[in-house]
Amino acid sequence: MRKIQKLSALFLAACLLITGCGSDGSANRSNTTSASASVDEVISSQIANEGAEASADEAADSADEGTATVSNTSDTKVTGDVDYDLTEMSSDMVYAIVYQMVYNPDDYVGKTFRMSGTYYASYYEATDQYYYYCLISDATACCAQGLEFVWGDGSHSYPDEYPEDNTEILVQGTFETYVDTDGYTYCHLANAAMEAV
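Here the structure is a predicted model, which means the values were calculated and not measured. (Residues numbered from 1 in each chain as written. Predicted model: local features only at pLDDT ≥ 70, side-chain atom pairs only at ≥ 80, totals over all residues. Heavy atoms only, no water.)

## Focus: the pairing of strand β6 (residues 185–196)
Counting buried residues in β6 gives nine out of 12 residues, a clear majority hidden from the surface. Hairpin connection, strand β5 (residues 168–179) to β6: the antiparallel pair is bridged by five residues, and Gly183 has positive phi, about 90°. (Buried < 20%, exposed > 50% of the residue type's maximum accessible area, 1.4 Å probe, protein only. Helix = DSSP H or I, 4+ residues; strand = E, 2+ residues; numbered from the N terminus. Pairing = 2+ DSSP bridges.)

This is how it looks when you write it as structure tokens:
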């Protein structure tokens, strides 16, 4: 019975991550105050552990990778520091960061993220538009977390210019929240560079 409850909770969490940040940000934050505190502790602890284990050379390599260029063929190259490079984090750390992004989006607005994962497009009839996601699998590849992104200025033509679903991609962009025509608040990476890997 406990296993079914855990699997149900994981499925619900994955669905919430894929669908957006919630209806009004404040409702989500008020219900997750204690959970957010424990996730903050896990993040702080993991960062401290990873920092203690990294050698000076590895830290220099990570800094160089933080300024790497991620581009696509038709947008200006994205360069500069990256606040969160999910490609360099463990699956537990990625889950904690994405959880925090969804439940405390205001803490991450304006931050830059880099992630790799599987490309997926989804049509939403209520808004009559396609949404594009980078899905990140956990270490066992049984669960995935997704984050919506907008490629460049959003002018790319779907499906002509986009990769096929299930293509491995690298995405880098700036985290933003927005209210869609359905009245709900969602989060995504804006002005994102994307490339197939």
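## Focus on unusual backbone geometry
Looking along the chain, the bond that leaves Tyr158 and enters Pro159 is cis, with omega of 5°. Looking at the secondary structure, you find Pro159 in the loop between β4 (144–151) and β5. Not every positive phi belongs to a glycine, and Asp128 is a case in point at roughly 55°. Examined against the element boundaries, Asp128 turns out to sit in the loop between β2 (112–124) and β3 (129–137). A residue is classified by how much of its surface remains accessible, and Asp128, at 57% relative accessible area, is exposed. Even without being glycine, Asn166 reaches a positive phi, approximately 75°. Turning to its location among the elements, Asn166 is positioned in the loop between β4 and β5. You can call Asn166 exposed: its relative accessible area is 62%.

## Digging into helix α5 (residues 91–103)
An ideal rise of 1.5 Å per residue puts 18 Å on 13 residues; α5 measures up with 18 Å between its terminal C-alpha atoms. Counting buried residues in α5 gives 10 out of 13 residues, a clear majority hidden from the surface. Along α5, the residues that are buried comprise Met93, Val94, Ala96, Ile97, Val98, Tyr99, Gln100, Met101, Val102 and Tyr103. (Expected span 1.5 Å × (residues − 1).)

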